[in-house]
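Survey of secondary and tertiary structure
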Amino acid sequence: MKDYKDIYIPKATPHDPDSNGHFGIFGGRFVPETLMPILEQLRVDYEKVRFDREFWSEVDYYYKNFVGRPSPLYYAQNISKELNAKIYLKREDLNHTGAHKINHTVAQAILAKRLGKKRVIAETGAGQHGVATATVAALFGLECEIFMGAKDVARQELNVFRMKLLGAKVHSVESGSKTLKDAMNDAIRHWVTNARDTYYIIGTVAGPHPYPMMIRDIQSIIGWEAKSQLKSIEGVLPDKVIACIGGGSNALGIFNHFLEDDSVECIGVEAGGLGLDSKHGCSLAKGSPGILHGQLSYLLQDEDGQILEAHSISAGLDYPGIGPEHAYLKDKNIVTYDYITDEQALDAFVWLSQKEGIIPAFESSHAIAYLKKMRREDIEGKVILINLSGRGDKDMIQAKDILTDVTIKQK
Amino acid sequence: MKKLVAYITTGYPSLDFTVDMILSLKEVGVDTIELGIPFSDPVADGPIIEKANLKALQSGFKIQNLFDISKEIAPQIDTLWMGYFNPFYHIGLDKFISEAKKSKVNGFIIPDLPFEEAQPYKSIIENEGLNLIDFIAPTDSRERIKKIVSSSNKFIYLVAYAGITGAKHSEDLMPIIKSIKEFTNTPVYVGFGVNQATAKEKAKGVDGVIVGSAFIKILLDERLTNSQKIDKISSIAKEIKEKINE
């Protein structure tokens, strides 16, 4: 059994990309030439710290004392009883700032500081990554600018205020679909212009190499802890591991340490939005390979290769692409991918709140909802691990507009 | 004589306009046309060209339109297609190559396909007698410049500053230009932020300039009629061509 005094240090995996960042045909570095030397330098700098005990000790100090790691593994007793299964929730929602995003912003800020960068920028969808970035910028004395789609600024106003309170400048991005995709466009434009002194804290396992691998490495602390926690409670591996997917960082974070366990089925849940025949965020289910934001991966696009707008009730899943390693894991049939609609996610949002006293983020509600989508024989008597990637506080204003007293009772 | 490359976004305000515009640019001495392929997420571009891209798409631009109007343009003036990689990848590079050859387009400029990612495609394009233009940026080391320019052809697109198109930035490019010239005889054209005011300065030490945002700004000016736009853009092009050769 692992000792929690042990420090988490990433390990190379069979799915590591090649030196140009390719996971099979996916990944890579499709960026303007100006950024290539910057990315190559970051690759070299990250390789230096990737397995370096001293670097991860510093990260570990902040994880334990600032973030509150390890996050608990909670046996969800009431829904377990209802479903006749053992449901365990990995409580990333209890992290400082309310989601798993703080894991990679802490590690990336420490890296940025080591590289002598004075400024950090980030794109954000739901605002969780923006808040987590603004938080570490305050902690480490870095200037911080956040790019957020105007539509998300409106539906996540509490997070916008939190970022400002933490000292960050928030740019409301008015172009295109005014969501995460466009926020990332503008963050890349800002980065190209300021690459020499600015570190771009990308918020998920996407973007040009080395980001997808680096953020997967960092977030894999989630599965590393959960595996050990479950072993000490149940003495077994989970039968299934479930996580929601926008870009895919919380999912890879919890899957990574289970990918080589043949008995474990990892299931990534995409945002089904209004349904697959309507507007949604299912780049794996309905997209095709293409290039956006510096990587080759599955994308929602039209017949001309123009990027389509995604839709999800949850701003964090409202993205037409997905991290390249997920694209690779899908094509290799290593991970199962499915989807949950807005409506199903809302049901689960209320269900977990009322059954367990835990209000999940809209994003994480998709993972919870999957419990009810599974066939009975796939769930009964099984040990199921779910990444509860974030808490629902940020969604209160939006939820209040959608749910009335009557609908809450009906659900 | 230093060369002038003009970037025009295809299909805004209309496809006919794009053809008329380019034929007029040819008359005033523009040497090469960068025919821009509108894309939904043009991350290397500033707000001016981004807006033109989105407006062209909103007015219904399809890639087939590019193939069609290129037949009216490319036989008359040296033409390159400039666009982001996804449409090439999604529709198929072979389709773009065969359409380019049909319409006498001479090659591609793809700003998000850097040297390493271009490797699988560059030889395919060149074996068909077309060019894939290489980029050099001010952030490149001497070593990287050497690697990139060793296989360059037609011209090298030197990005004038770390940033996006149409910004008012400038950087001292002399050391970079010197490095490029050390390793290749391929002409060097500088692009990004070139307009009437900056053209002469930016053309120093290089073989040509690439102008985009300065034209597209006029293209987007809704107070002007289409023929006024053509006149104004052509006269700016003429002025720039004179200035870089003073």
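Residues numbered from 1 in each chain as written. Chains lettered and ligands numbered in written order. Predicted model: local features only at pLDDT ≥ 70, side-chain atom pairs only at ≥ 80, totals over all residues. Heavy atoms only, no water.

**Let's talk about the domain arrangement of chain A**
Residue and element names in this part refer to chain A. Definition in use: What marks off one domain from the next here is an automatic or database domain assignment. By the convention used here, residues are in contact when the closest approach between their heavy atoms is within 4.5 Å. Buried area adds together the accessible area that both of two parts lose upon being put together, with accessible area traced by a 1.4 Å probe. Each salt bridge in this description consists of a side-chain nitrogen of Lys or Arg and a carboxyl oxygen of Asp or Glu lying within 4 Å of one another.
Domain assignment breaks chain A into domain 1 (22-66 + 101-215) and domain 2 (70-98 + 220-408). In this structure, domain 1 and domain 2 have C-alpha centres spaced 22 Å apart. Listed per partner, the contact involves 44 residues of domain 1 and 41 residues of domain 2. In this assembly, domain 1 packs against domain 2 so that about 3300 Å² is buried in total across both faces, 63% of it on carbon and sulfur atoms. When residues of domain 1 are sorted by the area they lose upon contact with domain 2, Phe26, Arg155 and Lys181 head the list and together hold 20% of the total. Counting the contacts that link domain 1 with domain 2 gives 1 salt bridge. Between Asp318 and Arg155 there is a salt bridge; the shortest N-O distance is 2.7 Å.

**Things to note about the sheet that holds strand E8 (residues 188-191) of chain B**
Residues and elements named next belong to chain B. For the record, the criterion: Any two strands with at least two DSSP-identified bridges between them are counted as paired. Secondary structure follows DSSP: runs of H or I at least 4 residues long count as helices, runs of E at least 2 residues long count as strands, and numbering of each begins at the N terminus. Think of each axis as a best-fit line through the C-alpha atoms, taken over the contacting stretch in the case of a helix, with angles from 0 to 180 degrees between the N-to-C directions.
Judged by pairing direction, the sheet is parallel, and its 9 strands sit side by side in the order E5-E4-E3-E2-E1-E9-E8-E7-E6 without closing on themselves. Two strands close off the open sheet at either side, each with one partner strand: strand E5 (131-132) and strand E6 (134-136). Here 2 bridges tie strand E4 (residues 107-109) to E5, and the two strands are oriented parallel to one another. Following the sheet pairing, Phe108 is matched in E5 by Leu132. Against the sheet, helix H3 (residues 63-73) contacts strand E2 (32-36) and strand E3 (78-82), and its axis sits at roughly 160° relative to E3. Lying on the sheet, helix H7 (residues 142-149) is in contact with E6 and strand E7 (156-159); it crosses E6 at an angle near 165°.

**What about the interface of chain A and chain B?**
Each partner contributes residues to the interface: chain A has 37 residues there, and chain B has 41 residues. Here chain A packs against chain B, burying approximately 3100 Å² in sum over the two surfaces, 52% of which is carbon and sulfur. There are 6 salt bridges connecting chain A and chain B. Between Lys62(B) and Asp304(A) there is a salt bridge, and its shortest N-O distance comes to 3.9 Å.

**Details of the packing of helix H1 (residues 15-27) of chain B against helix H11 (residues 226-244) of chain B**
Residue and element names in this part refer to chain B. Defined as follows: In this scheme, roughly parallel covers angles under 35 degrees and roughly antiparallel covers those over 145, while 65 to 115 is roughly perpendicular and the rest are oblique. The crossing is said to be left-handed when, going from far helix to near helix, the turn is anticlockwise and less than a right angle, and right-handed when the turn is clockwise. Only Asp, Glu, Lys and Arg are considered charged in this grouping, and only Ala, Val, Leu, Ile, Met, Phe, Trp, Tyr, Cys and Pro are considered nonpolar; every other residue, Gly among them, is considered polar.
Two elements in contact, H1 and H11, have axes separated by 9 Å at closest approach and are oriented at 30°. When the axis of H1 is compared with that of H11, the two are roughly parallel. Here the hand of the crossing between H1 and H11 comes out right-handed. Within the contact between the two elements, H1 uses Phe17, Asp20, Met21, Ser24 and Leu25 and H11 uses Asn226, Lys229, Ile230, Ile233, Ser234 and Ala237. In terms of residue class, the contact of H1 with H11 is made up of 6 nonpolar, 3 polar and 2 charged.

**Some remarks on empty space enclosed by the protein**
Residue and element names in this part refer to chain A. Applicable threshold: Throughout, the protein atoms alone are placed on a 1 Å grid, and a set of points is a cavity if a 1.4 Å probe fits but cannot get out or a pocket if it is open with protein on both sides within 12 Å along at least five of seven lines; lining residues have an atom within 4 Å of a point. Grid points are joined across faces, edges and corners, and a volume is the space filled by probe spheres set on the points.
A full pass over the atoms with the stated rule returns 7 cavities of 30 Å³ or more. The space that makes up the largest cavity amounts to roughly 340 Å³. Surrounding the largest cavity, 30 residues form its lining, His100, Lys101, Gly203, Gly316 and Glu363 being those nearest its centre. Those elements that provide at least two residues to the lining of the largest cavity are strand E5 (119-124), helix H5 (128-140), helix H8 (180-194), strand E9 (240-245) and helix H11 (249-255). For the lining of the largest cavity, the class distribution of residues is 10 nonpolar, 16 polar and 4 charged. Composition of the lining of the largest cavity by domain shows at least three residues from each of domain 1 (22-66 + 101-215) and domain 2 (70-98 + 220-408). Broken down by class, the residue content of the lining of the second largest cavity amounts to 11 nonpolar, 6 polar and 2 charged.

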